[in-house]
Amino acid sequence: MSATTAAPAAPVNGASSERIILGKDGKPIVTVGFKRFGFDSEVPLESLRQLYLRPQYIKATAEDGSSADDAGAKAIYHPKDGTISYTTLSRFPPVKFLPPSERKRILVTGGAGFVGSHLVDRLMMLGHEVTVLDNFFTGSRTTVNHWVGHPNFEMVRHDVVEPFMIECDQIYHLACPASPPHYQYNAVKTIKTSFMGTLNMLGLAKRTKARFLISSTSEVYGDPEVHPQPEDYWGHVNPIGIRACYDEGKRVAETLTYGYHRQDNVDVRVVRIFNTYGPRMNPYDGRVVSNFIIQALKGEDLTVYGDGTQSRSFQYVHDLIDGMIALMNSNETRPVNIGNTDEFTIGEFAEVVAEVVAKVQKEDGIEAPKIKIVYKPLPGDDPQRRRPDTTRAKEVLDWQPRWSVRMGVEEMVRYYKAKMAEGDL
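Residues numbered from 1 in each chain as written. Predicted model: local features only at pLDDT ≥ 70, side-chain atom pairs only at ≥ 80, totals over all residues. Heavy atoms only, no water.

## Examining the sheet that holds strand S11 (residues 170–173)
Strand pairing in a sheet relies on backbone hydrogen bonds. The paired strands run either parallel or antiparallel. The seven strands lie next to each other as S10-S9-S8-S11-S12-S13-S18, forming an open sheet whose pairing is parallel. At either end of the open sheet lies a strand with only one pairing partner, and these are strand S10 (153–157) and strand S18 (336–338). Here the strands of the sheet are splayed against their neighbours by 20° on average, with no regard to which way each runs. Set on the sheet, helix H5 (residues 244–264) makes contact with strand S12 (211–217) and strand S13 (268–273); between it and S12 the angle comes to about 155°. (Pairing = 2+ DSSP bridges. Helix = DSSP H or I, 4+ residues; strand = E, 2+ residues; numbered from the N terminus. Axes fitted to C-alpha atoms, helices over the stretch in contact; angles between N-to-C directions. Contact = heavy atoms within 4.5 Å.)

## Digging into the environment of Leu 126
Mapped onto the fold, Leu 126 is located in the loop between helix H2 (114–125) and strand S9 (129–134). Here the alpha-carbon distance between Leu 126 and Pro 94, two residues 32 residues apart in the chain, equals 9.5 Å. The residues touching Leu 126, leaving out its near neighbours within four places in the chain, are Phe 39, Asp 40, Ser 41, Glu 42, Val 43, Lys 96 and Leu 98.

## Thoughts on the packing of aromatic side chains
If you walk through the whole model with that rule in mind, you get eight aromatic pairs. Geometrically, the ring pair formed by Tyr 221 and Tyr 233 is stacked, given 6.0 Å between the ring centres and 25° between the ring planes. Here the residue Tyr 221 occupies a position in the loop between S12 and H5, and Tyr 233 occupies one in the loop between S12 and H5, the gap between them amounting to 12 residues. By relative accessible area, Tyr 233 is classed as buried at 14%. Arranged with centres 4.2 Å apart and planes meeting at 25°, the rings of Phe 314 and Phe 349 form a pair that is stacked. Highlighted residues: Phe 314 in the loop between strand S16 (311–313) and strand S17 (315–316) and Phe 349 in helix H8 (residues 346–363), separated in sequence by 35 residues. Ring pairing ties together the aromatic residues Phe 292, Phe 314, Phe 344 and Phe 349, which thus form one cluster. One cation-aromatic arrangement involves Arg 36 over Phe 34; the distance from NZ or CZ to the ring centre is 3.8 Å. (Phe/Tyr/Trp six-rings, centres within 6.5 Å; stacked < 30°, edge-to-face > 60°. Buried < 20%, exposed > 50% of the residue type's maximum accessible area, 1.4 Å probe, protein only. Lys NZ or Arg CZ within 6 Å of the ring centre and 35° of its normal.)

## Observations concerning the nonpolar core
Counting 76 residues, the largest nonpolar core has Tyr 172 and Met 324 as the members making the most contacts within it. The element best represented in this core is H8, accounting for nine residues. For Met 324, the residues in contact, after removing those within four places along its chain, are Val 115, Leu 119, Tyr 172, Leu 174, Leu 213, Val 271 and Ile 273. With 23 residues, the next largest nonpolar core counts Ile 171, Tyr 258, Tyr 260 and Val 270 among its residues. (Core = buried A, V, L, I, M, F, W, Y, C linked by side-chain atoms within 4.5 Å.)

## A look at the confidence of the model for the chain
Caution is warranted with low-pLDDT regions, since their predicted coordinates should not be read in detail. Confidence along the chain averages 86 in pLDDT terms, with 89% of residues attaining 70 or more. Across residues 1–17, where pLDDT falls below 50, the model places 27 contacts with residues more than four positions away in sequence or in other chains. Within the model, pLDDT remains below 50 along residues 66–72, and this stretch shows 13 contacts once partners closer than five positions in the same chain are excluded. (pLDDT = per-residue confidence, 0-100.)

Structure follows, in structure tokens:
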């Protein structure tokens, strides 16, 4: 978050976030998730969007400091004195009512992070009991504070490098900084989190007989010599480079996971996540999507590292959550790539972001300045090409991405724009 001391601008009360979202097949996306492998993960898209597009606070309009729109609001901004008042008297988002036999106890490590918070939203709306474990190094309470106090939800401040005891049915192990500035900030701690955190959570899964899913990464392939990358490709990784703390940390975490699977019969799942973007992504974590959008919204030049010919494949976060839940509840124990196969050069992607931002600004009656692209030196060990082979996901999970890059970028632009209007960026 920005360190500015200026009073936040009040959001436009009553503004509707509803719009028609067309998928890659040209059909409207009304729900996310699906009923598969005996697990119903389907929820209305608009209900999910309200969780991250609604304002964090509303503006007080009456003399007593209240607002006509404050039903269910946890915070009210008072422009007269520049203060915010908080209340616990809020209405929680509706969740499915499940009988005890169908309600699972689910632990999500790193559940206050970007991906984790979207997973928590989905699991909560599906009616399950969710415990979030997070040390808030990169995560934030604000991503899940709309669930705090709900009888199905618990949030615990805890570092996974230390053992943790709880009874659970499923463990989604997401805890680990995932952006280069964060995982390079303390390389030794990153490796400890990948190894010790995974060791502790696998020990918990062994004791409770819980199913265990670890979020691995496309970084296990390094700077690949095979394109696109299938799951049986062993990778091309620099073990002593500046990115090795994350790359090799995730590789050894996978090794540990399959060690517990073979030796102790722990029921494991491994998802290899490719570049993902969406609302709640930290705008200052150095990732290309958030960098471009924030720069474009501020009218700044877009910074491309290298000559812009290196390529990436970007998937929207809702597609990723669909894939993770499908994998967790399937019988597939091999690693599975989850990512979008649409490949863009970084230069092409910068142009897409500039076009989408200009479109959104125009729809809101704002004349956007012409945005230029500037080039800077490429960081060390940055892979030249990255695109998943998702054949296995399609065959065993019946999964494939539904969101086009442009539609996902537009959703993210609207999220960041709302945050800027609130003074949170």
